[in-house]
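Summary of structural features
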Amino acid sequence: MTQPIPPAASTPPRLVLKDIRKVYPSVVANDGVNLEVTPGEIHAVLGENGAGKSTLMKIIYGVTRPSSGEMHWEGKAVTVDSPAHARELGIGMVFQHFSLFETLTVVENVALALPGKPDLGELAQRIEEVSKRYGLPVDPRRHVHALSVGERQRVEIVRCLLQNPRLLIMDEPTSVLTPQAVRKLFETLRQLAAEGCSILYISHKLDEIQALCHTATVLRGGRVTGHCQPAEETPASMARLMIGKDLPVCEHGSSHSAGEIRLRLAGLSHATADPFATDLRDIHLDVHAGEIVGIAGVSGNGQQELLRAISGEEPLAEKFPVQILGVESGRMNPGQRRKLGMCFVPEERLGRGAVPGMSLADNAILTAAKSQHFVSGGFLAFWRARAFAENCIQAFSVKCGGASAAAKSLSGGNLQKFIMGREILQAPKLLVCAQPTWGVDVGAAAFIRQSLIDLRNRGCAVLVISEELDELFEICDRIAVIAKGRLSPPRPAAETTVEDIGVWMSGLWPGSELGEPHATPSAEVSHAPA
Amino acid sequence: MDASLFSSMLFATVVAGTPLIIVALGLLVSEKAGVLNLGAEGMMAMGAVAAFAVTHHSGNPWLGVLAGMFAAMAVALIFGFLTLTLQANQVAAGLALSIFGVGLSAFIGKPFESIALPAVPAIRIPFIADLPLIGEALYNQQALVYLSWALFWAVVWFLYRSRAGLVLRAVGESPASAHAIGHPVIRIRYLAVLFGGAMAGIGGAFLSVFYTPMWVEGMVAGRGWIALALVVFATWRPLRVMIGAYLFGGVMITQLFIQGSGMQLDFPAQFLSSLPYWATIIVLVVISRNVNTIRLNSPVSLGKPYRAEG
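Residues numbered from 1 in each chain as written. Chains lettered and ligands numbered in written order. Predicted model: local features only at pLDDT ≥ 70, side-chain atom pairs only at ≥ 80, totals over all residues. Heavy atoms only, no water.

Here helix 9 (residues 303-311) of chain A lies mainly inside the structure; seven of its nine residues are buried. Looking one or two residues past helix 9 of chain A, Gly312(A) carries a phi angle of roughly 95°, positive in sign. (Buried < 20%, exposed > 50% of the residue type's maximum accessible area, 1.4 Å probe, protein only. Helix = DSSP H or I, 4+ residues; strand = E, 2+ residues; numbered from the N terminus.)

To continue, consider the sheet that holds strand 7 (residues 167-171) of chain A. Residue and element names in this part refer to chain A. The six strands are arranged 6-7-8-3-9-10 in an open sheet whose pairing can be described as mixed. Edge positions in the open sheet fall to strand 6 (91-94) and strand 10 (223-228), since each of these has one partner strand only. Taken over all neighbouring pairs, the strand axes of this sheet differ in orientation by 20° on average, direction set aside. The pairing of strand 9 (residues 215-220) with strand 10 spans five bridges and is classified as antiparallel. Paired with Ala216 across the strands is Cys228, a residue of strand 10. Relative to strand 6, helix 5 (residues 149-161) is tilted by about 175°, and along the sheet it contacts strand 6 and strand 7. Contacts from helix 8 (residues 235-243) reach strand 3 (42-46), strand 9 and strand 10, with the element oriented near 40° to strand 9. (Pairing = 2+ DSSP bridges. Axes fitted to C-alpha atoms, helices over the stretch in contact; angles between N-to-C directions. Contact = heavy atoms within 4.5 Å.)

Now for the side chain of Lys53(A). Residues and elements named next belong to chain A. By the secondary structure assignment, Lys53 is in helix 1 (residues 53-60). The buried category is assigned to Lys53, whose relative accessible area is 5%. Apart from the residues lying within four places of it in its own chain, the contact partners of Lys53 are Val45, Leu46, Gly47, Glu48, Glu172, Ile202, Ser203, His204 and Leu219.

The subject of this paragraph is the interface of chain B and chain A. Opposite the 20 residues of chain B that make contact, chain A presents 32 residues. For the pair chain B and chain A, the summed buried area comes to about 2,200 Å², and 60% of that belongs to carbon and sulfur atoms. For the pair chain B and chain A, the number of links is one salt bridge. In this structure, Glu108(A) engages Arg169(B) in a salt bridge whose closest nitrogen and oxygen atoms are separated by 3.5 Å. Applying the counting criterion to the chain B and chain A interface returns six residue pairs in polar contact (both at pLDDT 80 or more). Counting residues per element, the ones that place at least two in the side of chain B that touches chain A are helix 7 (163-173), helix 8 (175-180) and helix 13 (291-297) of chain B. Per-class residue counts for the side of chain B that touches chain A are eight nonpolar, seven polar and five charged. (Buried area = accessible area lost by both parts, 1.4 Å probe. Salt bridge = Lys/Arg side-chain N within 4 Å of Asp/Glu carboxyl O. Polar contact = N/O pair within 3.5 Å; in protein donor to acceptor, adjacent residues only side chain to side chain. Nonpolar A, V, L, I, M, F, W, Y, C, P; charged D, E, K, R; others polar.)

Our next topic: the environment of His270(A). All names here are of chain A. Within the secondary structure layout, His270 lies in strand 11 (residues 261-270). Overall, the relative accessible area of 17% leaves His270 in the buried class. Here the alpha-carbon distance between His270 and Arg337, two residues 67 residues apart in the chain, equals 18 Å. In this structure His270 touches Asp279, Leu280, Glu314, Pro315 and Leu316, once residues within four positions along its chain are discounted. Within the structure, His270 has its side chain in polar contact with the side chain of Glu314 (distance 2.8 Å).

The subject of this paragraph is a nonpolar patch on the surface. Residues Phe6(B), Ile128(B), Leu131(B), Leu133(B) and Ile134(B) make up a contiguous nonpolar surface patch of about 380 Å² in total accessible area. For Ile134(B), the position within the fold is in the loop between strand 1 (123-124) and helix 5 (135-139). (Patch = residues over 30% accessible without salt bridge, like charges linked within 9 Å, V, L, I, M, F, W, Y side chains within 5 Å. Areas by Shrake-Rupley, 256 points an atom, 1.4 Å probe, with all protein chains shown as cover.)

Okay, the environment of Arg163(B) next. Tracing the sequence through the fold places Arg163(B) in helix 7. The spacing of Arg163(B) and Gly197(B) is 34 residues in sequence and 22 Å in space, taken between C-alpha atoms. The residues contacting Arg163(B), other than those within four sequence positions of it, are Ala111(A), Leu112(A), Leu114(A), Gly116(A), Lys117(A), Pro118(A) and His183(B).

Grouped together as the largest cluster of nonpolar side chains are 142 residues, with contacts concentrated most on Leu168(A), Met170(A), Leu189(A), Ile199(A) and Tyr201(A). Looking at this core, the element that brings in the most residues is helix 9 (residues 185-211) of chain B, giving 14 residues. The contact partners of Leu168(A), leaving out residues within four places of it in the chain, are Gly92(A), Val94(A), Cys160(A), Leu161(A), Leu189(A), Leu192(A), Cys197(A), Ser198(A), Ile199(A) and Leu200(A). Formed by 53 residues, the second largest nonpolar core is a distinct cluster that contains Val398(A), Leu431(A), Leu469(A) and Ile479(A). (Core = buried A, V, L, I, M, F, W, Y, C linked by side-chain atoms within 4.5 Å.)

On to the sheet that holds strand 14 (residues 322-324) of chain A, then. Residue and element names in this part refer to chain A. On the basis of which strands lie adjacent, the open sheet formed by four strands has the order 12-11-14-15 and antiparallel pairing. Here the strands that pair on one side only, and so sit at the sheet edges, are strand 12 (280-288) and strand 15 (327-328). Sheet analysis places strand 14 next to strand 15, joined by two bridges and oriented antiparallel. Bridge pairing in strand 15 links Gln323 to Glu328. Relative to the sheet, helix 9 contacts strand 11, strand 12 and strand 14, its axis offset from that of strand 11 by approximately 120°.

Let us look at the packing of aromatic side chains. On inspection of all chains with the given rule, the structure shows 13 aromatic pairs over all chains. Aromatic side chains Phe248(B) and Tyr277(B) sit 5.2 Å apart centroid to centroid with 80° between the ring planes, which places their arrangement in the edge-to-face category. Of this pair, Phe248(B) sits in helix 11 (residues 238-260) while Tyr277(B) sits in helix 12 (residues 269-287), and the two are 29 residues apart along the sequence. Taking the centre distance of 5.9 Å and the plane angle of 50° together, the rings of Phe271(B) and Trp278(B) count as tilted. For Trp278(B), a relative accessible area of 37% gives the class partly exposed. A cation sits over an aromatic face here: Lys417(A) above Phe447(A), 5.4 Å from the ring centre. (Phe/Tyr/Trp six-rings, centres within 6.5 Å; stacked < 30°, edge-to-face > 60°. Lys NZ or Arg CZ within 6 Å of the ring centre and 35° of its normal.)

Moving on to helix 11 of chain B. Along its 23 residues, helix 11 of chain B runs 33 Å from first to last C-alpha, staying within 8% of the 33 Å computed at 1.5 Å per residue. Looking one or two residues beyond helix 11 of chain B, the residue adopting positive phi is Gly262(B), at roughly 75°. (Expected span 1.5 Å × (residues − 1).)

Attention now goes to the packing of helix 3 (residues 106-113) of chain A against helix 4 (residues 120-133) of chain A. Residue and element names in this part refer to chain A. Packing of helix 3 against helix 4 brings their axes to within 10 Å, and their N-to-C directions diverge by 95°. By the criterion of interaxial angle, the relationship of helix 3 to helix 4 is roughly perpendicular. Contacts between helix 3 and helix 4 pair Val107, Glu108, Val110 and Ala111 from the former with Leu120, Leu123, Ala124 and Ile127 from the latter. For the contact of helix 3 with helix 4, a count of residues per class yields seven nonpolar, no polar and one charged. (Parallel < 35°, antiparallel > 145°, perpendicular 65-115°, else oblique.)

Residues and elements named next belong to chain A. A large share of strand 12 lies buried, amounting to seven of its nine residues. As paired elements, strand 11 and strand 12 share seven bridges and run antiparallel to each other. Within strand 12, the position partnered with Leu268 by the bridge is Ile283.

What follows is about the state of the cysteines. Residue and element names in this part refer to chain A. One pass over the full model with this rule turns up zero disulfides over all chains. Cys213 forms no disulfide, and the closest cysteine sulfur to it belongs to Cys228, at a distance of 9.7 Å. Not engaged in a disulfide, the cysteine Cys433 finds its nearest cysteine sulfur in Cys476; these two sulfurs lie 9.2 Å apart. (Disulfide = S-S within 2.5 Å.)

Residue and element names in this part refer to chain A. Among the five residues of strand 7, five are classified as buried, and the element is accordingly described as predominantly covered. Pairing between strand 6 and strand 7: four bridges, direction parallel. Along strand 7, the bridge assignment pairs Met93 with Ile169. Bridge count for strand 7 against strand 8 (residues 198-203) is five bridges, and the pairing is parallel. Within strand 8, the residue paired with Ile169 across the bridge is Leu200.

The subject of this paragraph is unusual backbone geometry. Residue and element names in this part refer to chain A. One non-glycine residue with positive phi stands out, namely Glu74, at about 50°. Tracing the backbone through its elements, the reader meets Glu74 in the loop between strand 4 (68-73) and strand 5 (76-78). Overall, the relative accessible area of 35% leaves Glu74 in the partly exposed class. Look at Asp282: it is not a glycine, yet its phi comes out positive at around 45°.

This is the structure in structure tokens:
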């Protein structure tokens, strides 16, 4: 990969931020931030979740206004009071959570963002031209809800490019892409920068920033903690700027030989009535005691549907496709499955994993009441629930206001630690968790990964569904890939590479196109220690 | 059935369906922008009484229609201020508005009870009104009937062919995204609510000035609620709203004819009176049960308040 070349230092900056400060009622999101971007520069804004990156970008794009501070655009002081104004100035933004309208077509979505009354037919042609020029294939006539996440991002980018922006803001653009798609995106961004467009690239992924960006501004806790040229840094040195200490490393420990089968998916197929969901097709997988099996995949390929089928939120028509500890439990509800010894950590922390307005103790009752015997003689023993919640808080070093703090008052990372603690302290025989470290800061993520590994070492079977490939390679013994509702056969993590898994993520694993059922899982080689 | 009976039933069906079409299309537009205004009944009542009063004093039914329109828009503006500016709950505010409008209209209308207005002559469209069977029924009608048809085409064109309609649908689906790409969400929702109010006012005026030219307390008789139900069960699609409205009108007229014919019935007459309400809903539910069309047409943000960040 070619090293990025910084643009000539003599060009006057296109965008200058001076002393930007943004105060929300409970938190200072930005505190005295300074930033300079020159034409043709790819400038990284690096920081953990909650460091204030997204707030800063929203200020530049006019979605929110700063409490104080100045912004200069091409030499003039400006106050951007709306996104429409930002776009007039020549600023485009691709959001982390897309701002697309699912029930509309691609061309309608693009038309909404353009001024005046574009003719839809002509606009469709322009979309095709731009998408060809920058290698971003999109079909303008399709409805957005039928597009994959990667395609949706391309629509967002094309929509920005049609406005000929002089500054393009990309907010965590690669979190939804396969490694191959990331490379394509980088080529597009480099081409844009070579044509003179400035790019603000927001990420917490150090390797990407090294590969792509000329300069970087590092944020921590709303303040700028450093400027650097990523090409001259190491990931470790940038991580120190970002989190203030060295990157924590997980101790994997040796894997035990596979124990009994704790979870078996035997030809799990499930068609949904929801047109925006993915049908599951003939999924086979075994998860043994004492191993972590990971399921990789680009989001929207059936992960949610698979989780619901395993957790029991969406019971199946037949019993045999889901076998928990040897019991055919396809038609059981989540409570019955928990009784068998399965614990479950869903992807959404607030609303699914925990009730936002209830205290941590009450939230503990919701999943642990039976296994921890909080109920005696028909009455809830609140002191037991409270003691259990306090135990979780202590064992998983959750920063919060005690067991009576409301779940919504915790930060994402701390709430996730609490939920993991709540499930793990119930000593499950099988733990299923989705996106265990999504939106969690680096320190808490490392802690959560370590506790999953510890759980495995104690003989629990663990199934992790994640979109973060690095995470899966770090903790898993075996990795399978889900694509378009089908599951690849699992491969030992030590014998496979990110590249292979990336190819599989587009549905191309050996035998997948033949339409034949996969080899039965029992016929696989037993996994090697990682 | 002989031809003249069919013709007069068709005529009555169209007349009965017209206020529902006008009101429901107005509500459809405001719901497509994400605003659920349950105050339709109250807005119609206010429109009806204002239209009656002004027509009575001025002798001009068109001034009356305008007055009804503005009266209902004033009520809609209150709703908009409560729910869009003050972010009040749309369901609660709408219910309150319904009760308020019905009550206030009864109060205002007290002096006008037991007064009849002269009937407004129909407008006969030359040549096509001479068509056999349907000509008299469809083309010798009140001007507001023709207006309801024009309104239908206008709403279809607006929602699915114009850029403004596209923006409105976008606001109803995801106000946050619409704001992020620079559309004034609150202003668009205000306009949609006002349009809904204007249509409810015209619908009310049709009742008190054209349909039965008099004022009786409670004369809207649940039509506002039926219009709301039509929009939902028609899955926010104009054509189905129109079908539902005429279906309601048709069943209503048929059961009136049966009750008026002196036919001996084996079941209570109340059963016949309730027929239009549940028959319409059942038919719409059955033709609209496709999940795909529901997901594609229902405004996702319906009833949810939106506040711009920052």
